[in-house]
Amino acid sequence: MRNVLVLGGTAEARRLAAALHNDPAIAVTSSLAGRVAVPRLPCGDVRIGGFGGADGLLGWLRGHRTDAVVDATHPFASRMSAHAVAATAAAGVPLLVLRRSGWTAGPGDRWHRVPDAGAAAALLPELGERVFLATGSGDLAAFAGLAQWFLLRSVDPPPPPLPARHHLVLARGPFTADAERALLREHRVDVLVTRDSGGELTAAKLVAARELGLPVVLLDRPPAPEAPAVATVDEAVAWLTTTAPGGGPPAT
């Protein structure tokens, strides 16, 4: 039996846990950060909450005799990814990064790529007055001092500071392009700000912005972790069952 830790919270992490759940050769534990009050739980064992930095993660890996780690966190969870790189290196445990590919602009897209939330906030006054700010709660503080009106959306109420003029929608995705188009029209949004999260499930807002001719400010991803990486769940399963040290042939 090989013990695998999946650092999750993403749709890919849940699909990976489901794919490995019935493999008798692998025991999977999925770790969730605990930032959402009622998270979507994957198959198998689940732990919720932080590890206490790289040292805490290292202690967990050793204490649970972990054989491999898959970092399937959000592409913008750079701190957790850095902790995973440091802890697995210290423990001598193989690490794989599972990251969906980023988005690529197509015909009709009016994208403005920026390196971070601060650059997005600096650019906004040139682009619009009514902003759909879909960056996640961690980036909202960068926009708190702006005079524009902001549409915010999150699963749980975000912590302050928030923009002075805003309307908050509490909702959990995924959302369809039709629903996103209706939301943009209802609130008379004239510019979208989001992160290059990638994936089809979160692309509906980009489709709606394209169809409505709206500019999009797109935050670039942080640098990728220094570890082997794949873009699909099938590739991650293959790595765990045939490539990772200690792996054997796929279970049948």
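Please read all numbers here as calculations on a predicted model, not as lab measurements.

Trainee: Any chance you could explain the pattern of salt bridges here in plain terms?
Mentor: Any two side chains of opposite charge can pair, on the condition that their charged atoms come close. Evaluated as defined, the whole model comprises 10 salt bridges. We note a salt bridge from Asp 196 to Arg 113, for which the minimum N-O separation is 3.3 Å. Highlighted residues: Asp 196 in the loop between strand 10 (191-195) and helix 6 (204-212) and Arg 113 in strand 6 (residues 110-114), separated in sequence by 83 residues. The class of Asp 196 is buried, set by a relative accessible area of 6%. A salt bridge links Arg 153 to Glu 180; the nearest nitrogen and oxygen atoms lie 2.7 Å apart. Separated by 27 residues along the polypeptide, Arg 153 in strand 8 (residues 149-154) and Glu 180 in helix 5 (residues 177-186) bring together distant segments of the chain. For Arg 153, a relative accessible area of 18% puts it in the buried group. Since its relative accessible area comes to 3%, Glu 180 is described here as buried.

Trainee: Would you mind showing me how to read the sheet that holds strand 3 (residues 45-48) here?
Mentor: Note on sheets: strands pair through backbone hydrogen bonds, and any given pair is parallel or antiparallel. Pairing within the open sheet is parallel, and its six strands lie in the order 3-2-1-4-5-12. For this open sheet the edge positions go to strand 3 and strand 12 (229-230), each flanked by a neighbour on one side alone. With three bridges connecting them, strand 4 (residues 68-71) and strand 5 (residues 95-98) associate as parallel partners. What sits directly across from Val 69, in strand 5, is Leu 95. Sitting on the sheet, helix 1 (residues 11-20) is in contact with strand 1 (2-7), strand 2 (26-32), strand 4 and strand 5, with an inclination near 160° to strand 2. This element, helix 3 (residues 78-91), spans strand 1, strand 4 and strand 5 of the sheet and lies at about 160° to strand 5.

Each value, and the rule that gives it
Residues numbered from 1 in each chain as written. Predicted model: local features only at pLDDT ≥ 70, side-chain atom pairs only at ≥ 80, totals over all residues. Heavy atoms only, no water. Salt bridge = Lys/Arg side-chain N within 4 Å of Asp/Glu carboxyl O. Helix = DSSP H or I, 4+ residues; strand = E, 2+ residues; numbered from the N terminus. Buried < 20%, exposed > 50% of the residue type's maximum accessible area, 1.4 Å probe, protein only. Pairing = 2+ DSSP bridges. Contact = heavy atoms within 4.5 Å. Axes fitted to C-alpha atoms, helices over the stretch in contact; angles between N-to-C directions.

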